[in-house]
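# Structural features, examined
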Amino acid sequence: MKAFSTLLCSILFISFLSSCSEKSEQVAVKSFSYEWELVDSLDLEFLGNPMLSDVNKDGTAFLFFDYPSQEIITTDAIGNIKHSFSKGEDTPDSYGFMLERPGFYGEDQLAIYGRNGLLLFDLDGNMQKKIPHPESLGASGSNTEIGKSTESVRLKGKDYLLPKSVRPRNSYPGEQKFYDTYRALELVDIETGAMTELIPFEEGSQFLNGKGYIQSDYTPALEALNDKLFFVHGGDPQLYVYQLNANGARLDTVIHLEIPSFIIPEGRERAEFQQGHVEINEGNASIRNIHMLDNLLLLDYYSGMDPKKSVEAEGLWKQGKEEEAKAMYRKLEDEIPKGTLVYKLADLSYVGNVPPPAKTGGRSYASGGGYAWFQKLPDPDVEEDFLRIYKMKLIAK
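None of the values given here were measured: they were computed from a predicted structure. (Residues numbered from 1 in each chain as written. Predicted model: local features only at pLDDT ≥ 70, side-chain atom pairs only at ≥ 80, totals over all residues. Heavy atoms only, no water.)

## Details of the sheet that holds strand β3 (residues 50-55)
Applied cut-off: Paired strands, in this sense, are two strands between which DSSP finds at least two bridges. To qualify as a helix, a DSSP run of H or I must reach at least 4 residues; to qualify as a strand, a run of E must reach at least 2; elements of each kind are numbered from the N terminus. Between N-to-C directions, angles cover 0 to 180 degrees, with each direction set by a line fitted to C-alpha atoms, over the stretch in contact for helices.
Within the open sheet, the four strands sit side by side as β3-β4-β5-β6. Their pairing is antiparallel. One side of each edge strand has no neighbouring strand; the edge strands of this open sheet are β3 and β6 (81-86). Between one strand axis and the next, the sheet turns by 25° as a mean value, whatever way the strands run.

Structure below.
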């Protein structure tokens, strides 16, 4: 089963509540009023399996993480490697198991969130600050998405980070207490190191229906601009808009998303869950990331693999028919609707549903400098010693 799970992941790789207003949006499947246009590309020459983690706000610096070597790499806008370091060893400046992919913090620092805490490094890998977790951690895991890293926000001239919350809260997903006390994010004051937990499962959330859910069902997707936070709990297709301040967040607006063939996680009986066990299924439906480009808000979605069909592929694997299982999974993956919902930032009105660009496999992407940055799928027939990144612009048809 472990081997099958590895196969599945490799194939799929590819509070402060107040009154709020609600807006319902009907998302038309064939409403393609925008499309991606290729502007340029860059090549990272690196032997390994690097993934684009972040792009700085000006689009002039790129951050990659290579899982096999644990190398953290920064480049310029044409792919030249400028800095590279690894902190995988058992040293005082090690971040431990990585809970989120590295992100840029300001112009010349990186934020890395791991089991050893939230650490800030300069681009050469010298630790600048280490902020411990507010509670001792239990079991933990992480989802891996291109372009998804630790977020930052500036409130009234002061810098904060917004990593996901990993506090155990003396509970686990088999208990009601877990869902009542759950908070998705930490608002981290860089100066003091204080962490304030934010974003519960709001009233009406899919995750308050009495069932149990695995971590990848509710992995946060977010983007912050000034004092406004745009947020989705992974597989629950509702966009929450909060007003942020140094003490917490106030819910302002909820938009119900109707996404093509989106398979909302059904949940399981809570008796099936065990304390200390974390499960992640990268085939689950989710809003994977949220971006802002110009005056538009982009929601990167993945509609999810049909559980019944995935059981059929698993059966082939158990029968020793590995090649048939791989072929079936690839076919299922190709059939899953993926794309980007587009809204106007000014009034959150819906303006389009954009399919992913060719040669990217419908995978997630990064944004920066007014552009989106997609990883090109590797050529399966040629061993490549570089990673190509497409610079794309969203244009109206």
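## Notes on helix α4 (residues 322-335)
What counts here: One fewer than the residue count of a helix, multiplied by 1.5 Å, yields its expected span. Partly exposed describes any residue whose relative accessible area lies between the buried limit of under 20% and the exposed limit of over 50%, with all areas from a 1.4 Å probe on protein chains only and scaled to the type maximum. Arc, as used here, means the arc of the directions from the helix axis to the C-beta atoms.
Compared with the 20 Å implied by 1.5 Å per residue over 14 residues, the 20 Å span of α4 between its first and last C-alpha is a close match. Of the positions making up α4, those classed as buried are Ala325, Met328, Tyr329, Leu332 and Glu333. One side of α4 holds all its buried residues, which, seen down the axis, span an arc of 135°. Exposed residues on α4 whose side chains face more than 90 degrees from its buried face are Glu323, Lys331 and Asp334.

## Some points on unusual backbone geometry
Its identity as a non-glycine residue notwithstanding, Asn170 has a phi of 55°, on the positive side. The topology assignment puts Asn170 in the loop between β12 (158-162) and α2 (176-181). Here the phi dihedral of Asp294 falls at roughly 55°; this positive angle occurs in a residue that is not glycine. Its location among the elements puts Asp294 in the loop between β19 (286-293) and β20 (296-302). Relative accessible area serves as the criterion here: at 54%, Asp294 is assigned to the exposed category.

## Section: the packing of aromatic side chains
The cut-off we apply is this: Classification of ring pairs rests on two measures: the distance between centres of Phe, Tyr or Trp rings, Trp counted by its six-membered ring, which must be within 6.5 Å, and the angle between planes, read as stacked under 30 degrees, edge-to-face over 60 and tilted in between.
For the coordinates displayed, the defined rule picks out 19 aromatic pairs. Centre to centre, the rings of Phe178 and Tyr218 are 6.1 Å apart; their planes meet at 55°, and the pair counts as tilted. With Phe178 in helix α2 and Tyr218 in the loop between β14 (195-198) and β15 (220-225), the pair connects residues that are 40 residues apart, well separated along the chain. Aromatic pair Tyr343 and Tyr350: ring centres 5.6 Å apart, planes at 70°, arrangement edge-to-face.

## Points about the sheet that holds strand β10 (residues 127-131)
Spatial strand order, β7-β8-β9-β10: four strands in an open sheet with antiparallel pairing. Strand pairing shows two members of the sheet lacking a second neighbour, β7 (103-105) and β10, which therefore form its edges. Strand-to-strand twist in this sheet, taken as the mean axis angle between neighbours without regard to direction, amounts to 30°. Pairing analysis gives three bridges linking β7 to strand β8 (residues 109-114), with the strands arranged antiparallel. Each bridged residue has a counterpart across the sheet, and for Tyr105 the counterpart in β8 is Gln109.

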